[in-house]
Amino acid sequence: MKRRLSIGLGVLAVAVAIPFASSTPVLANLQKAGEALVQQILQPKVKMVLSAEKQIITTDAEGKQEITWDAAEGNVTVRPGDVLRYTLLSENAGDKSAAELTINQPIPNKTAFVLDSARANGAKLTYSIDGGQSYSTKPMVEVTQPDGTVKMEPAPAEAYTHVQWDYSESLKPMASVQAVYEVAVQ
């Protein structure tokens, strides 16, 4: 028991002596630590939840097609040609606005982006065809023509690798935004 007490007192003595040995007064160190803690508490905390739905197409008695979406949870069977819709819900759960919120979402392997399917409330949409290295509102690729000349043409859906949503407005505390895009299973 005496041995534990002496070890505990020794640790306490070192902990008390260290602030005095430094060139900064203890009060200033505590104030800086308190300010850092307050800044950490007041940081924006953006929570993101990704969900997926599988497109279901049914035909009624009159031959009219109806599209519905079924939540893709757990083990879901998909086949080539199936369309999946991804929804990314981002919520600022912090006490401070989240400035310059940018969301990058990769196109999953063995799928192709469905052109013009990306939507988001208030975001500037851009796309990447080079693995997320660069983004453009309309990605273009070089296509060699039959006469040997090279022409720039819009990138095919299969070339898209990422979708990016850039929110220029700050995301206020407790506010949320929703980003959506679709892919086709290859």
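1. Describing the confidence of the model for the protein chain
Across the protein chain, the average pLDDT comes to 82, with 76% of residues at 70 or higher. Helix α1 (residues 2–21) is the least confidently modelled element of the protein chain, averaging 44 in pLDDT, while strand β5 (residues 111–113) averages 97, the highest of any element. Note on residues 37–42: pLDDT under 50 across the span, and five contacts to partners over four residues away in sequence or across chains.

2. Observations concerning the sheet that holds strand β10 (residues 162–167)
Taking strand neighbours across the sheet as the criterion, the three strands line up as β4-β10-β7 in an open arrangement whose pairing is antiparallel. Every interior strand has two partners, whereas the edge strands, β4 (101–106) and β7 (124–128), have only one. Across this sheet, the average inter-strand angle for adjacent strands is 20 degrees, counted without regard to direction. Sheet analysis places β4 next to β10, joined by six bridges and oriented antiparallel.

3. Re the side chain of S128
Mapping S128 onto the fold places it in strand β7. Relative accessible area serves as the criterion here: at 0%, S128 is assigned to the buried category. A polar contact of 2.8 Å, which involves the side chain of S128, links it to the side chain of D130. In terms of polar contacts, S128 uses its side chain to reach the backbone carbonyl oxygen of S134, at 3.0 Å. With sequence-adjacent residues up to four places away left out, S128 is seen in contact with Q133, S134, Y135, A159, Y160, T161 and H162.

4. Quick word on the pairing of strand β9 (residues 150–154)
When strand β8 (residues 140–144) meets β9, the two strands line up antiparallel, connected through five bridges. Bridge pairing in β9 places M140 opposite P154. Between β8 and β9, which pair antiparallel and follow one another directly, the connecting turn spans five residues, one of which, G148, has a positive phi of 95 degrees.

5. Structural notes on the environment of W165
For W165, the position within the fold is in strand β10. Overall, the relative accessible area of 0% leaves W165 in the buried class. Distance from W165 to T102, taken between C-alpha atoms, is 5.7 Å for residues 63 residues apart in sequence. When sequence neighbours within four positions are dropped, the list of residues in contact with W165 reads L101, T102, I103, Q105, R119, A120, A123, K124, L125, A179, V180 and Y181. A polar contact of 3.3 Å, which involves the side chain of W165, links it to the backbone oxygen of R119.

Rules used throughout
- Residues numbered from 1 in each chain as written.
- Predicted model: local features only at pLDDT ≥ 70, side-chain atom pairs only at ≥ 80, totals over all residues.
- Heavy atoms only, no water.
- pLDDT = per-residue confidence, 0-100.
- Helix = DSSP H or I, 4+ residues; strand = E, 2+ residues; numbered from the N terminus.
- Contact = heavy atoms within 4.5 Å.
- Pairing = 2+ DSSP bridges.
- Axes fitted to C-alpha atoms, helices over the stretch in contact; angles between N-to-C directions.
- Buried < 20%, exposed > 50% of the residue type's maximum accessible area, 1.4 Å probe, protein only.
- Polar contact = N/O pair within 3.5 Å; in protein donor to acceptor, adjacent residues only side chain to side chain.

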